[in-house]
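Results of the structural survey
So you can see what is in the structure, the chains are spelled out below.
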There are 2 protein chains.
Amino acid sequence: MGLHTRINSAVEAAIRIGQGGTPPAKLSEALHYACTPGGARIRPTILMSVAMACGDDSPKMADAAAAALELIHCASLVHDDLPCFDNADIRRGKSTVHRAYSEPLAVLTGDSLIILAFEILARSAEHNADRAIKLIRVLTRQSGMPFGICAGQGWESEPKIDLSAYHKSKTGALFIAATQMGAIAAGQDEEPWFELGARIGEAFQVADDLRDALYDCETLGKPVGQDDLHGRPNAVTVLGVDGAQSRLRDILSGAISSIPSCPGEAQLAEMVRMQAERLTPVPQARSVRAG
Amino acid sequence: MGLHTRINSAVEAAIRIGQGGTPPAKLSEALHYACTPGGARIRPTILMSVAMACGDDSPKMADAAAAALELIHCASLVHDDLPCFDNADIRRGKSTVHRAYSEPLAVLTGDSLIILAFEILARSAEHNADRAIKLIRVLTRQSGMPFGICAGQGWESEPKIDLSAYHKSKTGALFIAATQMGAIAAGQDEEPWFELGARIGEAFQVADDLRDALYDCETLGKPVGQDDLHGRPNAVTVLGVDGAQSRLRDILSGAISSIPSCPGEAQLAEMVRMQAERLTPVPQARSVRAG
């Protein structure tokens, strides 16, 4: 089974747990709608790659960890798309959850996915309780307040943004969760994996800024120019397109050299290189708005 | 230290964890605002009463469980008050979170409190990992999909409501969590405690219906007549005021006889009786809209 298939199976299995019995039908559908078909599943792919580099001695733990991380990511997308945030109509090429279902169901979908993520991890304690607790601790830290993606979104309501804290929490947090949860799922200490996650997160932020500036809506499957529109800080605005692309390459080579020593170190470096190529946007016909 | 003080200390300690470091200030404030000053803290009071009836051999576990349960309850209030649900301006006698802060911050406050609840429980694993995992499993089940309060809210978006599933999940779920988590925190099996929680939940639902029909906004500290307004099912509409009061007494005596055998059985029955008196509304000057 390929990695992408393995991740999608884990996510589908997790959603089925949230849909058990005879639940309210629309909310049950919306849970599935919000998580499928997935995007690149980049966070669980990193998580699984780290777990495999560390030996993946308990594949069901890694499956649970990957699913939980992806559910939290999908929940954050559903809430970020709400009218009071980005007011987005399109996500991954289809209607956002509040457009397809309703705003109440979008709020509840996000809430339910967050809770389901922790349920999946608590259930994984049947394989190894110690790892399950560590996974929950890392995922709560990187998703909630004061350091996680909730904090990241919270910074957007401040009159003065702490830019470093903003980027670390808004984008970096779930990449740190990805590398650390991958290590924990395979029975390794999570601390040495912090830096790889933080650097991949930084790279992702710069790449996202480049895509937001360079691509059109059709290519991206979501609205573009959102940073300009909402006055959010953006690497392209600060460094220009060439500067941002050069910065992206630097961060990624730093990420690769930060990989802790482990059995699958070489393959993991290769995965980061592949993600890097995937991330690096190629400028298109649309006029460049910055740089 | 009295029970109410113990619960409030546990809730305050939990919120401080969500406010660590230098978080975004408004979201940090909003977390505290959403949880203080508390209402009756009825769910953690029941949880603590059960834990004490079972010997309360690990008070820090009970503190963590009580705080986590109250955070989930407060999160649900913040999200339920949002414009897309009840659009409430007042809660516990002060402005709702989205009115006092903003709608984005209210969404994030709810999300952050949910995540913080599970963080608190994961941290309690340092006292006893097995109990921590059980607490997380019960709280995820009773708060998310398909059986928890998210499901309860989800039923309100269905064209045809399964009334029994609706009441069990919308109101009953967190009372079941209260009795079961109290037992788990004190090292007891949670299964025998299901019925007490379910019956208290049923009583609370009927009492809430009576209050909604009988009290004025000033007494209640929140808008009244919400069930009529939103076309939600209500025991007073079905049974009349006298019928609903008689039903409330029946449920509460059933609750008391369902208490499992335990060292503090008598005191626990007394607590349920006290809550019953507190719950039972006295009709006031406002004209009765039903029955």
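Residues numbered from 1 in each chain as written. Chains lettered and ligands numbered in written order. Predicted model: local features only at pLDDT ≥ 70, side-chain atom pairs only at ≥ 80, totals over all residues. Heavy atoms only, no water.

1. Quick word on the interface of chain B and chain A
Listed per partner, the contact involves 48 residues of chain B and 48 residues of chain A. With both chains or domains summed, chain B and chain A bury close to 4,300 Å², and 73% of this area falls on carbon and sulfur atoms. Broken down residue by residue, the surface that chain B buries against chain A is led by B:P24, B:I115 and B:M145, which jointly contribute 16%. Counting the contacts that link chain B with chain A gives zero salt bridges. Sorting elements by how many residues they give to the side of chain B that touches chain A places helix α6 (residues 103-123) of chain B first, with 13 residues. Looking at the side of chain B that touches chain A residue by residue, the classes come out as 27 nonpolar, 13 polar and eight charged. (Contact = heavy atoms within 4.5 Å. Buried area = accessible area lost by both parts, 1.4 Å probe. Salt bridge = Lys/Arg side-chain N within 4 Å of Asp/Glu carboxyl O. Helix = DSSP H or I, 4+ residues; strand = E, 2+ residues; numbered from the N terminus. Nonpolar A, V, L, I, M, F, W, Y, C, P; charged D, E, K, R; others polar.)

2. Examining the environment of A:G197
All names here are of chain A. Looking at where G197 falls in the secondary structure, it is placed in helix α10 (residues 194-214). C-alpha separation for the pair G197 and I176, spaced 21 residues apart in sequence, amounts to 3.9 Å. Those residues in contact with G197 that sit more than four places away from it in its chain are G172, F175, I176 and T179.

3. Quick word on helix α1 (residues 3-18) of chain B
Residue and element names in this part refer to chain B. Given a rise of 1.5 Å per residue, 16 residues ought to cover 22 Å, and the 23 Å separating the end C-alpha atoms of α1 matches this to within 8%. Considered for burial, the residues of α1 that qualify are R6, I7, A10, V11, A14, I15 and G18. The secondary structure elements touched by the buried residues of α1 are α2 (25-35), α3 (42-53), α4 (59-80) and α6. (Expected span 1.5 Å × (residues − 1). Buried < 20%, exposed > 50% of the residue type's maximum accessible area, 1.4 Å probe, protein only.)

4. Some points on the state of the cysteines
Applying the stated criterion to the full structure yields zero disulfides over all chains. As a non-bridged cysteine, B:C54 has B:C262 as the owner of its nearest cysteine sulfur, 5.0 Å distant. (Disulfide = S-S within 2.5 Å.)

5. Remarks on the relation of the copies chain B and chain A
When chain B is brought onto chain A, the operation consists of a screw motion whose angular component is 180° and whose axial shift is 0.0 Å, with 0.0 Å RMSD remaining. Such a combination of rotation and displacement between the chain copies is what one expects of a two-fold axis. (Least-squares fit on C-alpha atoms with pLDDT ≥ 70 in both.)

6. As for the nonpolar core
Counting residues in each nonpolar core, the largest one holds 195 residues, and the members touching the most others are A:L71, A:L139, A:M181, B:L71, B:L139 and B:M181. If sequence neighbours within four positions are ignored, B:L139 has contacts with B:A68, B:L69, B:I72, B:A117, B:F118, B:L121, B:A177 and B:M181. (Core = buried A, V, L, I, M, F, W, Y, C linked by side-chain atoms within 4.5 Å.)

7. Some thoughts on the environment of A:T140
Mapped onto the elements, A:T140 comes out in helix α7 (residues 129-143). Under the relative-accessibility criterion, A:T140 is labelled buried at 0%. Residues A:T140 and A:I114, 26 residues apart in the sequence, show an inter-C-alpha distance of 9.8 Å. When near neighbours in sequence (up to four residues on either side) are disregarded, A:T140 contacts A:F118, B:I115, B:F118 and B:E119.

8. Digging into the pattern of salt bridges
When charged atoms on two side chains of opposite charge get close, those side chains can pair. All told, the structure shown has 28 salt bridges over all chains when counted by the stated rule. Between B:R6 and B:D56 there is a salt bridge, with the nearest N and O atoms lying 3.0 Å from each other. Of this pair, B:R6 sits in helix α1 while B:D56 sits in the loop between α3 and α4; the two residues are 50 residues apart in sequence, bridging distant segments of the chain. Comparing B:R6 with B:D56 shows no difference in burial state: the two are buried. Salt-bridge contacts for B:E202 lead to B:R247; the nearest nitrogen and oxygen are separated by 2.7 Å. Of this pair, B:E202 sits in helix α10 (residues 194-214) while B:R247 sits in helix α13 (residues 235-257), and the two are 45 residues apart along the sequence. With relative accessibility at 36%, the residue B:E202 sits in the partly exposed group. By relative accessible area, B:R247 is classed as partly exposed at 34%. Residues participating in the shared-partner salt-bridge network are A:R6, A:D56 and A:D63.

9. Here we look at the packing of aromatic side chains
Per the counting criterion, the structure on display carries five aromatic pairs over all chains. Measuring from ring centre to ring centre gives 5.3 Å for A:Y33 and A:Y101, while their planes differ by 75°; the resulting arrangement is edge-to-face. Residue A:Y33 is found in helix α2 (residues 25-35), and its partner A:Y101 is found in the loop between α5 (97-100) and α6 (103-123); the two are separated by 68 residues along the sequence. With relative accessibility at 23%, the residue A:Y101 sits in the partly exposed group. Here A:F118 and B:F118 contribute two aromatic rings whose centre-to-centre distance is 5.4 Å and whose plane-to-plane angle is 25°, an arrangement assigned as stacked. You can see A:F118 sitting in helix α6 and its partner B:F118 sitting in helix α6, one on each of two chains. (Phe/Tyr/Trp six-rings, centres within 6.5 Å; stacked < 30°, edge-to-face > 60°.)

Treat this as a map of the structure, not an account of what it does.
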